Each structure stands twice: as C-alpha cells, then as structure tokens.
Amino acid sequence: MSRRRYLLGCTAGLASLTGCAADPEISAEPLARELEKATEPLSPDLRVTETASSEGRLIEMTASGSTYTAEIENEGIEGTILTELYFRADGTTASTPAASQETMLDAGERLELSVTADRPPWAEQFGFVTRGTRFVATIRNTGSAADVRVFMVDPVDETTITETTVQIDADETKRVDFHTTYKFDNDYEIRAVLA
C-alpha cells in the first residue's frame, strides 16, 4: 500500500514568487521554509522491512523414570523457546502436552532441560516439540507520523494471533516485539496498517 503524496509544482510556483519580489528587504527564507513543508509527505508510507524470531531445535532426548530430558538449541534470534513433552501410541500423538517449559536462550545457545510427567499406561513412545515464541518486526515509515497497528497473522486462515499499536514518526524505523505460544503450521506474517 503506497500512500506517499507530494505537492508537485510548488517549487516552480514559489520560485516565481521569490523572483517577483521587488522589495530587496524581503527575505526568501520564509518561502524556503514553506517549500520544505510543502514537499513533506502528506500521509504515512509503511513497510515491514524485516522479520525474525527465536527458533527452537531439538538435538537429543532421554528419559529416566518420570523425568524426561531434552537438549535444545536456539537457531534464531535471542528469545524464548517453548519445549513440550508429548506421549504417543499406535502412531497417534496426544493432543495436549504432558509437560512444557519455556526458556530464554541467546542466539545459538544450547541448553539441557528436564520436565517431570507420569507416563500414561497406553503410551508407547514419548517425544518433544520445540519452537520459538519471540517474534520481531522492523517497521519503516517514509511518510508522515502515524499511529500504526502491527499484527501477526496465520496466513493459512488469516487469523490474527496478536497485535499492538505503536506511534511511528516521519522517516522513522521502529522494532516491534511479540510473544506468543501459538503453533503456526507453516509460516507467519507480520503486517502494519494505519490504526
């Protein structure tokens, strides 16, 4: 969405006014200031220029009695990683986790974490699922200042997962952080529109 507009032709009009001034005491500075104001953008022009997130990766898992241990790594930016324990039987995974833990990790950091859960009698296997829960977007406004609605969307069904409103000045770049444990099936989108 491009909403940048300029007052075209003002330069020539103001230049002719300046050239027509017969009084040598009249300064051209006020006209120059008016020209500068006239060529400023009249409306916001917003772009999401970059997105990033924390990204969990499971390296290894073990079990001892009712204690289940996973070694995880953050392959994304610094942020929180959610690790969930699931039990399985006959190729079917339980719909809800038996235990979960959210941990802050630096980019590239590895960590071993343990959770405790009672193994159901029907369970044949266990496994971990891990994913990042911190999401960051960089929003660029090359137009005039505005209140901006920034929101995360699941593109599969266009569901809005979380949102916030921020003030972004003219010609400003602002970083917006989100935290959500929502499980995206594929990818996610972060969008910015006028509030």
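Below: a short report on this structure. (Residues numbered from 1 in each chain as written. Predicted model: local features only at pLDDT ≥ 70, side-chain atom pairs only at ≥ 80, totals over all residues. Heavy atoms only, no water.)

For the rest of this paragraph, the subject is the packing of aromatic side chains. Think of a pair of aromatic rings as described by two things: how far the centres are apart, and how the planes are tilted against each other in angle. In this structure the tally under the stated criterion is seven aromatic pairs. Here the aromatic residues Tyr 68, Phe 87, Phe 126 and Phe 128 are joined through ring pairs into a cluster of three or more. A cation over an aromatic ring shows up here: Arg 149 above the ring of Phe 151, its NZ or CZ 4.0 Å from the ring centre. (Phe/Tyr/Trp six-rings, centres within 6.5 Å; stacked < 30°, edge-to-face > 60°. Lys NZ or Arg CZ within 6 Å of the ring centre and 35° of its normal.)

The next subject is the pairing of strand 10 (residues 146-154). Here strand 10 lies mainly inside the structure; seven of its nine residues are buried. The pairing of strand 10 with strand 11 (residues 159-168) spans nine bridges and is antiparallel. For Val 153, the partnering residue across the bridge sits in strand 11 and is Thr 160. Hairpin remark: strand 10 followed by strand 11, antiparallel, with four residues in the connecting loop; positive phi at Glu 158, about 60°. Bridge count for strand 10 against strand 13 (residues 189-194) is six bridges, and the pairing is antiparallel. Looking at the pairing, Val 150 lines up with Ala 192 of strand 13. (Buried < 20%, exposed > 50% of the residue type's maximum accessible area, 1.4 Å probe, protein only. Helix = DSSP H or I, 4+ residues; strand = E, 2+ residues; numbered from the N terminus. Pairing = 2+ DSSP bridges.)

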